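# Coordinates in review
Each chain, written out:
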Amino acid sequence: HIGSIHDLLFSHDDWRLRWLVVDTGKWLPGRKIVVPIHVADKPNAVRKEIAVELSRQQATQSPDIDTSRPLSRQSEATLYQHYGWPPYWDGAPDHTDPLRGVHQVLGLHIQATDHAVGHVDDFLVADDDWSLRYMVADTRNWLPGRKVLVAPRWIGDIHWDKRDVAVRMTQDQLRNGPA
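These remarks concern the structure in this document. This one's a predicted model, so the numbers in the text were calculated from it and none came from an experiment. (Residues numbered from 1 in each chain as written. Predicted model: local features only at pLDDT ≥ 70, side-chain atom pairs only at ≥ 80, totals over all residues. Heavy atoms only, no water.)

### Looking at the overall build of the protein chain
Quick reminder of the rule: Note on conventions: DSSP H or I runs of at least 4 residues are helices, E runs of at least 2 residues are strands, and numbering of each starts at the N terminus. We take the radius of gyration over the C-alpha atoms and set the globule estimate at 2.2 Å times the residue count to the 0.38 power. Working definition: with a 1.4 Å probe on protein chains only, accessible area under 20% of the residue-type maximum means buried, over 50% means exposed, and in between means partly exposed. Residues count as neighbours in contact if any of their non-hydrogen atoms are within 4.5 Å of one another. Using the Shrake-Rupley algorithm and a 1.4 Å probe, accessible areas are obtained, with residue cover drawn only from the displayed protein chains. In this tally Asp and Glu are treated as negative and Lys and Arg as positive; neither His nor the chain ends contributes. A charge is said to be at NZ when it belongs to Lys, at CZ for Arg, at CG for Asp and at CD for Glu.
A count of helical and extended segments in the protein chain gives four helices and 10 strands. Seen in sequence order, the protein chain has helices and strands lined up from the N terminus as β-β-β-α-α-β-α-β-β-β-β-β-β-α. Radius of gyration (C-alpha) of the protein chain: 17 Å, near the 16 Å computed for a compact globule of 179 residues. Expressed as lengths along the three principal axes of its C-alpha atoms, the size of the protein chain is roughly 50 × 40 × 30 Å. Across the 179 residues of the protein chain, 42% fall into the buried class. Pairs at least 24 residues apart make up 48% of the contacts formed inside the protein chain by residues separated by at least 6 positions. A total of about 9900 Å² of accessible surface is found on the protein chain, and carbon and sulfur atoms cover 49% of it. Between the mean site of the 21 positive side-chain charges and the mean site of the 24 negative ones, the protein chain shows a separation of 4 Å.

### What to know about the side chain of Thr24
With respect to the helices and strands, Thr24 occurs in the loop between β2 (16-23) and β3 (32-36). By relative accessible area, Thr24 is classed as buried at 3%. For Thr24, the contacting residues outside a window of four places in its chain are Ile2, Gly3, Arg31 and Ile33.

### A few points about the side chain of Ser131
Using the following cut-off: Polar contacts, as counted here, are pairs of nitrogen or oxygen atoms within 3.5 Å of one another; within protein the pair requires one atom able to donate a hydrogen and one able to accept it, and residues that are adjacent in sequence qualify only if both atoms are side-chain atoms.
Tracing the backbone through its elements, the reader meets Ser131 in strand β7 (residues 131-138). Assessed through its relative accessible area of 10%, Ser131 is described here as buried. Polar contacts involving the side chain of Ser131 include one to the side chain of Asp129, which spans 2.8 Å. Dropping the residues within four chain positions of it, Ser131 is found in contact with Trp15, Arg16, Leu17, Leu124, Val125 and Ala126.

### Some details on the packing of aromatic side chains
Any aromatic ring pair is given by two values, namely how distant the centres are and how the planes are angled relative to each other. Threshold: Two rings from Phe, Tyr or Trp (for Trp, the six-membered ring) form a pair when their centres sit within 6.5 Å of each other. Planes less than 30 degrees apart are called stacked, planes more than 60 degrees apart edge-to-face, and all others tilted. Lysine NZ or arginine CZ positioned within 6 Å of the ring centre and within 35 degrees of the ring normal marks a charge as sitting over the ring.
Taken as a whole and judged by the stated rule, the model has eight aromatic pairs. Ring centres 6.1 Å apart and planes at 65° place the aromatic pair Tyr80 and Tyr88 in the edge-to-face group. For Tyr80, a relative accessible area of 3% gives the class buried. Judged by relative accessible area, Tyr88 falls into the partly exposed class, the value being 22%. Following the ring pairs from residue to residue traces out a cluster consisting of Trp19, Tyr80, Tyr88 and Trp89. Lying over the aromatic face of Tyr88, Arg18 brings its terminal NZ or CZ to 4.0 Å of the ring centre. When the ring centre of Trp160 is taken as reference, the NZ or CZ atom of Arg100 above it lies at 4.0 Å.

In structure tokens, the structure reads:
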């Protein structure tokens, strides 16, 4: 046991998870480590755990990364070099923006093409390919008691300065979306 999942770092370009942020708890107090997603097995729902191909020694010696900030490509390269694994990008970069944590998106306002419609409440993750399958939009200020699923293909830009997520849907399309 090396800790518990604290956050998930993802690429906004393809909505795939790339890293697990693991809080090491009492084992390494005050420390969070970043583990590449490709070494993680499917979650075991019964045991509430995810096995990873990582030793405690590798975890102990992992580079210090400020997990509260976006993860740059250079930091990713440093991590892959530390672990001795080839990076997922295979020479050519597949994203230009730094990776962000799911926690950085939770609570952001959602802006439809014609109106503000709520805020980001959660994400649903596909355990077969570690993609963010849906963003969960909480619309309680507009549609009381309703949460709507938004597929990544409908998500536009994340405006970090305005603290909102633009979706390529109208308010009516969201209203009629899957609950």
